[in-house]
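Reading the structure
Below, each chain spelled out in residue letters.
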Amino acid sequence: MLKPAVPSKKVPKAVKKKNYNPHQLGKKANAILNTMLAVFAFSCVFPFLYVIIISLTDESVLEKNGFSLLPETWSFEAYQFLWAIKSQLLQSYMITIAVTVLGTIISVFTIAFYAYAISRPQFKFRKQFTFFAFFTMLFNGGLVPFYIVATQVLHLRDTIWALILPMAVNAFYILIMRTFFQRSVPESILESARIDGASELRIYFQIVLPLSLPGLATIALFSTLGYWNDWFNALLFIDNPALVPLQSLLMKIENTLEFIRQNTLLTGSVKGIMQSVPKDAAKMAMVVIATLPIAVSYPFFQRYFIQGLTIGGVKE
Amino acid sequence: MARIKRFFQDVYKNKTWLLMVLPGVVWFLLFSYLPMFGTVIAFKNFQFHPDGFFASVINSEWVGFENFEFLFSTDDAFIITRNTILYNLVFIILGLILAVATAIILNEITNKKMAKVYQTGMLFPHFLSWVIVSYFVFTFLSVDRGMLNNIFQWFGMEKVSWYSEPEYWPFILVFMSMWKGIGYGSIVYLAAIVGIDRNYYEAAMIDGASKWQQIRHITIPMITPLIVILTILNIGKIFNSDFGLFYQVPLDSGSLYPVTNVIDTYVYRGLMTMGEVSMSTAAGLYQSVVGFILVILTNYIVTRINKDYALF
């Protein structure tokens, strides 16, 4: 909500320069605290590993032993099954990727434009428009009017825009970006360009944006994560299977698996595998497939995420 | 007349800026302000009209506070308000203690490489959706296959059908909220702690202060303003809850509603499964208005304590 009480350049990181400290923790205390953190950190990652193990367990073993950490028989059947029914899965993957990419672009552009305008002292109505955005953080109409507007005024039901537009703008990000622009793009830099007769738009694209890449990247990262993990808008607006994103497919997985089972039984297109549908294993395999992109990219974006959290404050 | 002319001149002079805010303004009008206007539904008996939203709103009959009276005459209003506030109170208090403690420990342990590793692990759940997390929870709580029941059986204890017995859920929900949120919550505090001037600690060490004394008399007082502000802001949001936690993690199980139904899930179900448009709007408006008052009030208190930390 606001800037922590540290200078903006300080980045929260656990790694600091090693300097001699006569009052370092005692060996025992250090060991205990390390263990505590290690246990908690492991518990945060463990469920994902557990899900991977379950997805690789033979369905008959699951039937007999439940979800165990060391299955008697390993099996790729769940993944083979998902491969056999890949069309819906790929479709959902494509929807999620499309929504994430499009949404992030729209969101960054709209937010950066708005935030830049209200960050400039030349803009006479900046106070009014700051309040116009800020007020939406204090008060909202609630879910029902939002839903009715989206379906009856904007006719978003069962369109891809239902997954993109509701999350495109966010007053909080606008205020963060505004502070960022105020800090990292001071007026003095822009003065000379103005004297040379460059238009405000040209200044924006050629000077301001290149200077603001860290801020823009932060908003883009938050936005990407938000879109990738969103299921709520799909829950409200999407029924068409062709538009169901990955997270939402996971919610409907029981129905989907059942539907696919019956369908393929009828058409007989997937022979062999159809005698036994690896139900729980297949579910967990889906979870793995949906989480993998995050888990793989996580070590790389984590640092930027942490930096981004302290990149700007809401207040001037 | 002159003023109107001046205004248009100003608009013309600021046209580039106005163009820049235009997409955002359109979005706010459609997705924020129009729904605000739509809350009048709460005072009407909403009927869908074929000519769209405005026709529906205008043609619906006024009923005054009837929807609210009906809402508060049921037990639901009390239950959802109680659940929302109690859960949030626990989340705020426990979340604060655990996040601050984690940040302090991360800052104190001697092996900074390991601290980095721990932080990476703890932050991971923040990036997972509640849908994914609900599957994680399912692997532990599934009645016939879950890890907990497996362990119980191994010890010769009875299986628990987790998803139909409400008494465990307050603990499960609190646990999951902390599990997902502590890594994230500790970042801001860690940033503040790392930013504390080292000189304070040097001076304390020369005076022979122990580690524990340093934490108590330097670290915690230095981050107290931040703690106060974040906590007050959270209290301002006490009427809102994380929909995913209360909807996805209990798998929308009906027998758990007494302990998992919060205002947000109530409004959602009212709209999507009951189709009670006006009543749900009323419940949503109740949430928004109380939330608004709380934010204003808490911000006022923050202003009184320390102006720099006020939101506005």
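Computed from a predicted structure; not experimentally measured.

What counts and how
Along each chain, residues carry numbers from 1 onward, in the same order as the chain's sequence is written. Lettering for chains starts from A, numbering for ligands starts from 1, and both go in the order in which the items are written. Only residues with pLDDT of 70 or above have their local features reported here, since the model is predicted, and side-chain atom pairs are shown and tallied only from 80 upward, although totals for entire chains, interfaces and linings are computed over all residues. Derived side-chain values reflect all non-hydrogen atoms in the structure, with water molecules and hydrogen atoms excluded from consideration. By the criteria applied, helices consist of DSSP H or I runs no shorter than four residues and strands consist of E runs no shorter than two, each listed in order from the N terminus. Within these notes, the globule rule equals 2.2 Å times the number of residues to the 0.38 power, and the radius of gyration is based on C-alpha atoms. Only heavy atoms matter for contacts: two residues are in contact if any of them lie within 4.5 Å across the pair. Classification of ring pairs rests on two measures: the distance between centres of Phe, Tyr or Trp rings, Trp counted by its six-membered ring, which must be within 6.5 Å, and the angle between planes, read as stacked under 30 degrees, edge-to-face over 60 and tilted in between. The classification of residues rests on relative accessible area computed with a 1.4 Å probe and restricted to protein chains. Under 20% of the type maximum is buried, over 50% is exposed, and intermediate values are partly exposed. Lysine and arginine charges are scored as sitting over a ring when NZ or CZ, respectively, is within 6 Å of the ring centre and within 35 degrees of the ring normal. Residues belong to one nonpolar core when they are buried, are Ala, Val, Leu, Ile, Met, Phe, Trp, Tyr or Cys, and are joined through side-chain atoms within 4.5 Å. UniProt positions are given in the numbering used here, feature names are shortened, and annotations may be inferred rather than shown by experiment. Only the stretch in contact is used when a helix axis is fitted, and all axes are lines through C-alpha atoms; the angle between N-to-C directions ranges over 0 to 180 degrees. Throughout this description, any angle smaller than 35 degrees is read as roughly parallel, any larger than 145 degrees as roughly antiparallel, any in the 65 to 115 degree range as roughly perpendicular, and the remainder as oblique. Gly is placed with the polar residues, together with every amino acid not listed as nonpolar (Ala, Val, Leu, Ile, Met, Phe, Trp, Tyr, Cys and Pro) or charged (Asp, Glu, Lys and Arg). Here's the idea: put two parts together, see how much 1.4 Å probe accessible area each one loses, and the total over both is what we call buried area. Salt bridge, as used here: a side-chain nitrogen of Lys or Arg that lies within 4 Å of a carboxyl oxygen of Asp or Glu. The term polar contact refers here to a pair of N or O atoms within 3.5 Å; inside protein, the definition further demands a hydrogen-donor-capable atom paired with an acceptor-capable atom, and it admits residues adjacent in sequence only when both atoms are side-chain atoms.

Here the focus is the overall build of chain B. Within chain B, the regular secondary structure consists of 15 helices and two strands. Relative to a compact globule of 312 residues, whose C-alpha radius of gyration would be 20 Å, chain B shows 25 Å and is clearly more extended. If one aligns the C-alpha atoms of chain B with their principal axes, the spans along those axes are about 75 × 70 × 35 Å. Taking contacts inside chain B between residues at least 6 apart in sequence as the whole, the part at least 24 apart equals 64%.

What follows is about the packing of aromatic side chains. Taken as a whole and judged by the stated rule, the model has 66 aromatic pairs over all chains. Between A:Phe48 and B:Phe124 the ring centres are 6.0 Å apart and the planes differ by 50 degrees, which places this aromatic pair in the tilted class. Of this pair, A:Phe48 sits in helix H1 (residues 27-55) while B:Phe124 sits in the loop between helix H6 (112-123) and helix H7 (130-141), on two different chains. With a relative accessible area of 7%, A:Phe48 lands in the buried category. Ring geometry for A:Phe172 against A:Tyr173: centres 6.4 Å apart, planes inclined by 40 degrees, an arrangement best described as tilted. Judged by relative accessible area, A:Tyr173 falls into the buried class, the value being 18%. For the cation-ring pair, B:Lys15 lies above B:Tyr12, with the distance from its terminal atom to the ring centre recorded as 4.4 Å. For B:Lys44, the ring lying beneath its charged end belongs to B:Trp62, and the centroid distance is 4.5 Å.

The biggest cluster of nonpolar side chains holds 162 residues, and the ones touching the most others in it are A:Tyr114 and B:Phe28. No other element matches helix H15 (residues 279-309) of chain A, which puts 15 residues into this core. Excluding residues that lie within four positions of it along the chain, A:Tyr114 makes contacts with A:Phe129, A:Phe132, A:Ala133, A:Ile174, B:Met20, B:Val21, B:Gly24, B:Val25 and B:Phe28. Residues B:Ala99, B:Tyr189, B:Leu226 and B:Ile227 belong to the second largest nonpolar core, which totals 31 residues.

A few words on the UniProt feature "domain: ABC transmembrane type-1" (unreviewed entry) in chain B. According to UniProt, the feature "domain: ABC transmembrane type-1" (unreviewed entry) maps to residues 81-298 of chain B in the numbering used here. What you have in residues 81-298 of chain B is 75% helix and 0% strand, and the ends, taken at the C-alpha atoms, are 19 Å apart.

Moving on, we come to the UniProt feature "transmembrane region" (unreviewed entry) in chain B. Mapped onto this numbering, the UniProt entry gives "transmembrane region" (unreviewed entry) at residues 21-43, 85-106, 127-148, 168-196, 217-239 and 284-302 of chain B. The span residues 284-302 of chain B is 100% helix and 0% strand, and its two end C-alpha atoms sit 26 Å from each other.

In this section: the packing of helix H5 (residues 75-108) of chain B against H6(B). What describes two packed helices is the angle between their axes and the distance between those same axes. Residue and element names in this part refer to chain B. Closest axis-to-axis distance for the H5/H6 pair is 8 Å, and the angle between their directions is 150 degrees. By the angle between their axes, H5 is roughly antiparallel relative to H6. Of the residues in H6, those in contact with Thr 102, Leu 106, Asn 107 and Glu 108 of H5 are Lys 112, Ala 115, Tyr 118, Gln 119 and Met 122. Along the lines of polarity and charge, the residues of the contact of H5 with H6 split into four nonpolar, three polar and two charged.

Here we take up the interface of chain B and chain A. Much of the literature gives interface size as the accessible area that the parts lose upon coming together. On the side of chain A, 111 residues touch chain B, which itself brings 111 residues to the contact. Here chain B meets chain A over a buried area of about 10,100 Å², counting both sides, of which 77% is carbon and sulfur. When the area that chain B buries against chain A is broken down by residue, the three leading residues are B:Trp17, B:Phe127 and B:Arg145, summing to 9%. If you look at where chain B meets chain A, you find four salt bridges. In this structure, the connection of chain B to chain A is made through 21 residue pairs in polar contact (both at pLDDT 80 or more).

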